[in-house]
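Close look at the chain arrangement
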Amino acid sequence: MINKTLAELSSSLKAGEFSSVELTQYFLDRITKHDADLNSFITVTEEQALAGAKNADEQIASGSSGALTGIPIAYKDLFCTDGIRTSCASKMLDNFIAPYNATAVEKLTEAGMPMLGKTNMDEFAMGSSNENSFYGAVKNPWDLERVPGGSSGGSAAAVCAKLAPVALGTDTGGSIRQPASLTGITGIKPTYGRVSRFGMIAYASSLDQGGVFASNAEDCALVLGMMSGFDAKDSTSVDRDVPDFSAALNDSIQGLKIGVPKEFFGEGLDSGIDKVIQEALEEYKKLGAEIVEISLPNTHLAIPSYYVIAPAEASSNLSRFDGVRYGYRCEDPVDLTDMYMRSRGEGFGTEVKRRIMTGTYALSAGYYDAYYLKAQKIRRLISNDFKQAFEKVDVIMGPVSPETAFKIGEKTDDPISMYLADIYTLSLNLAGLPGMSIPAGEANNMPVGLQIIGNYFEEGKMLNIAHQFQQVTDYHKRVPTQFGEEK
Ligand code: GLN
């Protein structure tokens, strides 16, 4: 069961080999059995899952089902889900029941996908290790002493350990690609504006984008296609046709020009990861691609500019959590100021507070020009680097992360070293480009992802390129022994 693609699950459902209720129960049982080890779910929605599955079975029986009807899914706990707690892994929203569905959730629910539950994450999506959750750290299924990456670590761990066949995440600076890389699964962050942000609790609005975790590119294509598209409720969603991402999967990639940025292979990159990436590029050469060295000269400015822009936007977005309308309110406030201060002081965790302080500082009069405005100018330079590169090449490849999954606790006292791990992922978000991570091998006995960066709205081409690699390799089929199929 756990090795089937979504298309295979769908045809088994249609052929009546098992029902959606049985399939959904199967994953719920796996969650019960394994999630105590992983902590990948914050809320398991058994009742909604089985009700959704029952509906799906009726649709299948009536012949009105689609490609994803009856296949269960999990959502990162920042996608609002009607009537279900949506906590953002924060004490601030521990008691928040969303009154509506995020557009992505709405679309996938309409497509007939039962919801298994809400996955763990770094609080307000701030982090690269999933240790910043009010509900505790998530474990990497390949080594329970190591992090799964973040901030969508719960979704990544759940898909890696086959507790869900597919899950949604969000990527503001790498939070889909990095955990996909660290857990050896496939993850795609589409172009900014491709997927509606309506109902996704905001971290940094000009960078946030929803996307998919699955075992392989073929599965990602199906789900991404279903959740994409213009949404009048999100003013930054782009009014543009969504192509059938599955249609191009088998196109030949003969003659494809792959740009490899020399800045992605400098000091700080683990030598084992470097080797895996070189081998993956060799595989692409065998498939008919041409490798072209390129330069993205402003790569070293991605971390400083992102860590001004993202906290600045976060400080503004998070000002709504003040204990008045919803979320946590402190006990017995003596006056309004005391209520604001203690509700925020008690409701937010350390990393969130750090970001709010950095962001508020960068936006304050007197510092705005020196930090925020400067960072925005650098953002333009970074976008221009990509623009020039895409005049010469079709796609860009490199590592996702400079290192494989690190030990839980290893970096918690040193936020700067945590930020440095985002070096290869942030620039895409600053430019709004789509990116993927696909499993490409192992280093230090842990999975390594290959990053594929496409030009704007070229998700179809990226999925095709990923799928071709997955036709000749089997890294995407590997499952940690402990989470293998029951006999
Ligand atoms: N690690 C980055 C941060 O902490 C990215 C997080 C994300 O993409 N949500 O901001």
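So, here's what we can say about the structure. Since this is a predicted model, take the numbers as computed values, not measurements.

1. Side note on the site of the ligand
- Lining the immediate environment of the ligand, one finds 15 residues, of which Thr-172, Gly-173, Ser-175, Tyr-203 and Tyr-306 sit closest.
- Between the ligand and the protein, one listed contact pairs a nitrogen atom with a backbone N or O atom of Ala-125 at 2.8 Å.
- Within the contact set of the ligand, a nitrogen atom lies 2.9 Å away from a side-chain nitrogen or oxygen of Asp-422.
- For the ligand, the protein covers 100% of the area, taking 290 Å² as the surface of the free molecule.
- Of the residues assigned to the shell around the ligand, the class counts are five nonpolar, seven polar and three charged.

2. Some words on the pattern of salt bridges
- This structure, assessed with the given rule, holds 19 salt bridges.
- When the shortest N-O distance is used, the salt bridge between Glu-279 and Lys-275 registers 3.3 Å. Taken together, the residues Glu-279 and Lys-275, both in helix α8 (residues 271–286) and four residues apart, mark about one turn of the helix.
- In this structure, a network of salt bridges that share partners links the residues Asp-338, Arg-342 and Glu-346.

3. Focus on the sheet that holds strand β10 (residues 435–443)
- On the basis of which strands lie adjacent, the open sheet formed by eleven strands has the order β1-β3-β2-β4-β6-β5-β10-β11-β9-β7-β8 and mixed pairing. Looking along the sheet, the strands with just one partner apiece sit at the ends: β1 (41–44) and β8 (290–294). Each strand of the sheet is rotated relative to its neighbour by a mean of 25°, with strand direction disregarded.
- With two bridges connecting them, strand β7 (residues 257–261) and strand β9 (residues 395–399) associate as parallel partners. Each bridged residue has a counterpart across the sheet, and for Gly-259 the counterpart in β9 is Ile-396.
- The strands that helix α4 (residues 103–110) touches are β2 (73–76) and β4 (166–170); relative to β2, the one it contacts most, it runs at about 175°.

4. Thoughts on helix α2 (residues 20–38)
- For α2, built from 19 residues, the straight-helix expectation of 27 Å at 1.5 Å per residue is met to within 8% by its first-to-last C-alpha distance of 25 Å.
- What α2 keeps buried is the set Ser-20, Leu-23, Thr-24, Tyr-26, Phe-27, Leu-28, Arg-30, Ile-31, His-34, Asp-35 and Leu-38.
- Asn-39 lies just past α2 and shows a positive phi near 60°.

5. A word on the nonpolar core
- Counting residues in hydrophobic clusters, the biggest one holds 145 residues, and the most contacted among them are Phe-124, Leu-168, Val-223, Tyr-284, Phe-386 and Ile-452.
- It is helix α9 (residues 302–317) that provides the largest number of residues to this core, a total of eight residues.
- Contacts of Ile-452, omitting those with residues within four sequence positions, involve Tyr-284, Val-395, Ile-396, Met-397, Pro-434, Gly-435, Met-436, Ile-438, Met-462, Ile-465 and Ala-466.

6. Considering the environment of Phe-27
- Mapped onto the elements, Phe-27 comes out in helix α2.
- Look at Phe-27 and you get buried, because its relative accessible area is 2%.
- A C-alpha to C-alpha distance of 29 Å links Phe-27 and Asp-208, two positions 181 residues apart in sequence.
- Among residues more than four places away in sequence, those in contact with Phe-27 are Pro-72, Leu-116, Lys-162, Leu-163, Ala-164 and Pro-165.

7. What to know about empty space enclosed by the protein
- All told, the structure shown has six cavities of 30 Å³ or more when counted by the stated rule.
- Volume-wise, the largest cavity comes out at about 100 Å³.
- Considering the residues around the largest cavity, the lining is formed by 16 residues, among which Gly-127, Ser-128, Ser-175, Tyr-306 and Asp-422 are closest to the centre.
- If you add up the space inside the second largest cavity, you get close to 90 Å³.
- Residue lining of the second largest cavity: Trp-142, Thr-183, Gly-184, Pro-439, Gly-441, Glu-442, Asn-445, Met-446, Pro-447, Tyr-475 and Arg-478, and that is the complete set.
- Counting residues per element, the ones that place at least two in the lining of the second largest cavity are β10 and β11 (446–453).
- Per-element tally for the lining of the second largest cavity: the top contributor is β10, with three residues.
- When the residues that make up the lining of the second largest cavity are grouped by side-chain class, the tally is five nonpolar, four polar and two charged.

8. Digging into the packing of aromatic side chains
- One pass over the structure, following the stated rule, counts 18 aromatic pairs.
- Aromatic side chains Tyr-361 and Tyr-371 sit 5.9 Å apart centroid to centroid with 45° between the ring planes, which places their arrangement in the tilted category. Note that Tyr-361 is positioned in helix α11 (residues 350–363) and Tyr-371 in helix α12 (residues 369–392), a separation of ten residues in sequence.
- Through a chain of ring-to-ring contacts, the aromatic side chains of Phe-96, Phe-124, Phe-321, Tyr-326 and Phe-348 assemble into a single cluster.
- A cation over an aromatic ring shows up here: Lys-91 above the ring of Tyr-328, its NZ or CZ 4.9 Å from the ring centre.
- Its guanidinium or amino end placed over the ring of Phe-406, Lys-411 lies 4.9 Å from that ring's centre, counting from NZ or CZ.

Reading the values: the criteria
- Residues numbered from 1 in each chain as written.
- Predicted model: local features only at pLDDT ≥ 70, side-chain atom pairs only at ≥ 80, totals over all residues.
- Heavy atoms only, no water.
- Near = heavy atom within 4 Å.
- Polar contact = N/O pair within 3.5 Å; in protein donor to acceptor, adjacent residues only side chain to side chain.
- Areas by Shrake-Rupley, 256 points an atom, 1.4 Å probe, with all protein chains shown as cover.
- Nonpolar A, V, L, I, M, F, W, Y, C, P; charged D, E, K, R; others polar.
- Salt bridge = Lys/Arg side-chain N within 4 Å of Asp/Glu carboxyl O.
- Helix = DSSP H or I, 4+ residues; strand = E, 2+ residues; numbered from the N terminus.
- Pairing = 2+ DSSP bridges.
- Axes fitted to C-alpha atoms, helices over the stretch in contact; angles between N-to-C directions.
- Contact = heavy atoms within 4.5 Å.
- Expected span 1.5 Å × (residues − 1).
- Buried < 20%, exposed > 50% of the residue type's maximum accessible area, 1.4 Å probe, protein only.
- Core = buried A, V, L, I, M, F, W, Y, C linked by side-chain atoms within 4.5 Å.
- 1 Å grid on protein atoms, 1.4 Å probe; cavity = no way out; pocket = protein on both sides within 12 Å on 5 of 7 lines; lining within 4 Å.
- Points joined across faces, edges and corners; volume = space filled by probe spheres on them.
- Phe/Tyr/Trp six-rings, centres within 6.5 Å; stacked < 30°, edge-to-face > 60°.
- Lys NZ or Arg CZ within 6 Å of the ring centre and 35° of its normal.

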